[in-house]
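# Examining the three-dimensional arrangement
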Amino acid sequence: MRSRTKYSVGSREVHDRAAGIIQEHLRLTGHGSKCTASVLITILLYAASRITSIFDACQRLSAAPSDQALRDALRKTLPPIDETERRLNAGLAADLPKALRKRRYPVAIDLTLIPYHGEPYRSPEEIYRGEPKSGTSHFHAYATAYVVREGRRFTVAVRRVLYGEPMKEVIQRLLQQAGRIGVKPRYLLLDRGFYSVEVIRYLQVARYRFLMPVARRGRKPRDLKKSKSVWRFFAWKRSGWSEHRWRNADGRLATVGICVVHGRFGKRGKGRRPQTFVYAYWGFRPASCEWVRETYRRRFAIETTYRQMNQARIRTCTRDPLLRLLFVGLALILRNVWVWLHLLCLGISHRGRVELRLERLRFRRMLVWLQHYAEKLFGFHDFTVAERPMPP
């Protein structure tokens, strides 16, 4: 019989948990008697919860220090960008369950691009170039790795990506960071942007199993059936297995297994058309073509992670990549705190497993709690300057 004892979790507990992780690992310091470390963290969490800037957060809170004081405190206390990245990764690992370190689980790796319309801060390499989005082809890019386990997704590593940086080095750094905290992937779920000879050869040498979609590059051949490129697999009219070998510009050879999934997918109806998906894998033999498709679909959950990250990312116009990395890292830490709360406090234990109850605390609701905590602590402005009085 289940225990009927109920507990409660409120805004103060959530704030103290998030602020404790940030202070323990980032080691922020104050700037004067009014802008202490605790005040600095609370206002950062308030700005994140409102999806707004530091300037707007300080304007809304009555007893908050000026936005310039907060910026001075951040610039004074934050270490160089590489050390800040290391501390943010330590904060991401703070709430990682021990079970994720004992057993192997799938690890998904992807790239998120945040549009940028300004000039580089110090070096052109700070700005990543990609396909146009939101009216620009310039971005601040970040690569993340997260563990997939029964609907719970913990972000275990984040790093910024520079323009021209090889994807092989990006994956290598993320996997090294995951390994330092004890996360060993069962296999990797990668985006098609990592489909290259260099990345595949590194993963094979390092003995990492992987699954990723095949990227079509180059001009489409006239006769797909006679072609030796990956284009021929997209002409298949049934699911099946094959092998593909190709060389890069340096003549290095890569060999992967190929799984072709053909069928009508999506919602039932007359509009469903036959589709062909081609996946590359190595290091294991998939159970079936349907298993490959359903397993890779788990990676799409990382888009939800990025959506939630943007719901808690402080907005800014600064060109400084250090502050931009900090704001992305804080958003990911807040999301890890939310997942941790559901796992340890809000989920129902049943026969050795935890049944999630997401309706008890949605991510957006947790952010509103942080907002209310700061407004209760500092007070808030609920008026604005007017040129004329309100008419009767």
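Above this text you will find the structure in question.
Residues numbered from 1 in each chain as written. Predicted model: local features only at pLDDT ≥ 70, side-chain atom pairs only at ≥ 80, totals over all residues. Heavy atoms only, no water.

Time to look at the overall build of the protein. Scanning the protein for helices and strands turns up 12 helices and 11 strands. Seen through its principal axes, the protein has C-alpha atoms that stretch 80 × 65 × 50 Å. Buried positions account for 50% of the 392 residues belonging to the protein. Summarising the internal contacts of the protein: among those between residues at least 6 apart in sequence, 62% fall at separations of at least 24. Accessible surface computed for the protein: about 21400 Å², of which carbon and sulfur atoms make up 48%. Looking at the protein, you have 76 positive and 32 negative side-chain charges, and the mean spots of the two groups are 10 Å apart. (Helix = DSSP H or I, 4+ residues; strand = E, 2+ residues; numbered from the N terminus. Buried < 20%, exposed > 50% of the residue type's maximum accessible area, 1.4 Å probe, protein only. Contact = heavy atoms within 4.5 Å. Areas by Shrake-Rupley, 256 points an atom, 1.4 Å probe, with all protein chains shown as cover. Lys, Arg positive; Asp, Glu negative; His and termini not counted. Charge placed at Lys NZ, Arg CZ, Asp CG, Glu CD.)

Taken as a whole, this structure holds 10 salt bridges when the rule is applied. We note a salt bridge from Arg 86 to Glu 83, for which the minimum N-O separation is 2.6 Å. Of the two residues, Arg 86 and Glu 83 are both situated in helix 5 (residues 81-92); the distance of three residues between them amounts to about one turn of the helix. Salt bridges linked by common partners bring Glu 83, Arg 86 and Arg 87 together as one network. (Salt bridge = Lys/Arg side-chain N within 4 Å of Asp/Glu carboxyl O.)

Take helix 1 (residues 11-26) next. For helix 1, spanning 16 residues, the distance from its first C-alpha to its last is 22 Å, which sits close to the expected 22 Å at 1.5 Å a residue. Tucked inside the fold, the buried residues of helix 1 contact helix 2 (37-50), helix 5, helix 11 (321-346) and helix 12 (363-378). After helix 1 finishes, the residue Arg 27 shows a positive phi value of roughly 55 degrees. (Expected span 1.5 Å × (residues − 1).)

A word on the packing of helix 5 against helix 11. Angle between the axes and distance between the axes: these two values describe a pair of packed helices. Close contact between helix 5 and helix 11 brings their axes to 9 Å; oriented N to C, the two are set at 5 degrees. Regarding the angle of helix 5 to helix 11, the classification is roughly parallel. On helix 11, the residues that touch Ile 81, Thr 84, Glu 85, Leu 88, Gly 91 and Leu 92 of helix 5 are Pro 321, Leu 322, Leu 325, Leu 326, Gly 329, Leu 330, Leu 332, Ile 333 and Asn 336. (Axes fitted to C-alpha atoms, helices over the stretch in contact; angles between N-to-C directions. Parallel < 35°, antiparallel > 145°, perpendicular 65-115°, else oblique.)

A cluster of basic side chains, namely Arg 103, Arg 104, Lys 184, Arg 186, Arg 209 and Arg 298, defines a positive patch on the protein surface. Summarising the element assignment, Lys 184 is placed in the loop between helix 7 (167-180) and strand 5 (185-190). Residue Lys 184 is classed as exposed on the basis of its relative accessible area of 51%. (Patch = residues over 30% accessible without salt bridge, like charges linked within 9 Å, V, L, I, M, F, W, Y side chains within 5 Å.)

Turning our attention to the pairing of strand 2 (residues 128-133). Across three bridges, strand 2 lies against strand 3 (residues 136-149) in antiparallel orientation. Within the sheet, the bridge partner assigned to Lys 133 lies in strand 3 and is Thr 136. Hairpin connection, strand 2 to strand 3: the antiparallel pair is bridged by two residues, and Ser 134 has positive phi, about 55 degrees. (Pairing = 2+ DSSP bridges.)

As a further point, take the side chain of Gln 204. Locating Gln 204 in the fold gives a position in helix 8 (residues 197-205). When sequence neighbours within four positions are dropped, the list of residues in contact with Gln 204 reads Phe 210, Thr 255, Val 256 and Trp 282.

Buried within helix 4 (residues 67-77) we find Asp 67, Ala 69, Leu 70, Ala 73, Leu 74 and Thr 77. Projected down its long axis, helix 4 carries its buried residues within an arc of 160 degrees, all on one side. Contacts made by the buried residues of helix 4 are with helix 2, helix 3 (54-60) and helix 11. (Arc of directions from axis to C-beta.)

Further remarks concern unusual backbone geometry. Its identity is not glycine, yet Ile 51 carries a phi of approximately 55 degrees, on the positive side. Residue placement: Ile 51 occurs in the loop between helix 2 and helix 3. Phi angles above zero are rare outside glycine, and Ser 134 is one such case at about 55 degrees. Its place among the elements puts Ser 134 in the loop between strand 2 and strand 3.

Here eight bridges tie strand 7 (residues 240-247) to strand 8 (residues 253-264), and the two strands are oriented antiparallel to one another. Bridged to Gly 240 within strand 8 is Val 260. Remark: five residues form the turn of the hairpin made by strand 7 and strand 8, two consecutive strands paired antiparallel; Gly 251 in that turn has positive phi of roughly 85 degrees.

With that settled, consider the packing of aromatic side chains. This model, assessed by the stated rule, comprises 11 aromatic pairs. Between Trp 241 and Tyr 281, the ring centres sit 5.9 Å apart and the planes meet at 90 degrees, which makes this aromatic pair edge-to-face. Of the two residues, Trp 241 sits in strand 7 while Tyr 281 sits in strand 9 (residues 274-282), which places them 40 residues apart along the sequence. Look at Trp 241 and you get partly exposed, because its relative accessible area is 29%. Ring plane angle 50 degrees and centroid distance 6.0 Å describe the contact between Tyr 281 and Phe 284, whose orientation is recorded as tilted. Considered together, Tyr 281 and Phe 284 belong to a single accessibility category, that of buried residues. Members of the aromatic cluster, each reached through a chain of ring pairs, are Tyr 187, Trp 241, Tyr 281, Phe 284 and Trp 291. (Phe/Tyr/Trp six-rings, centres within 6.5 Å; stacked < 30°, edge-to-face > 60°.)

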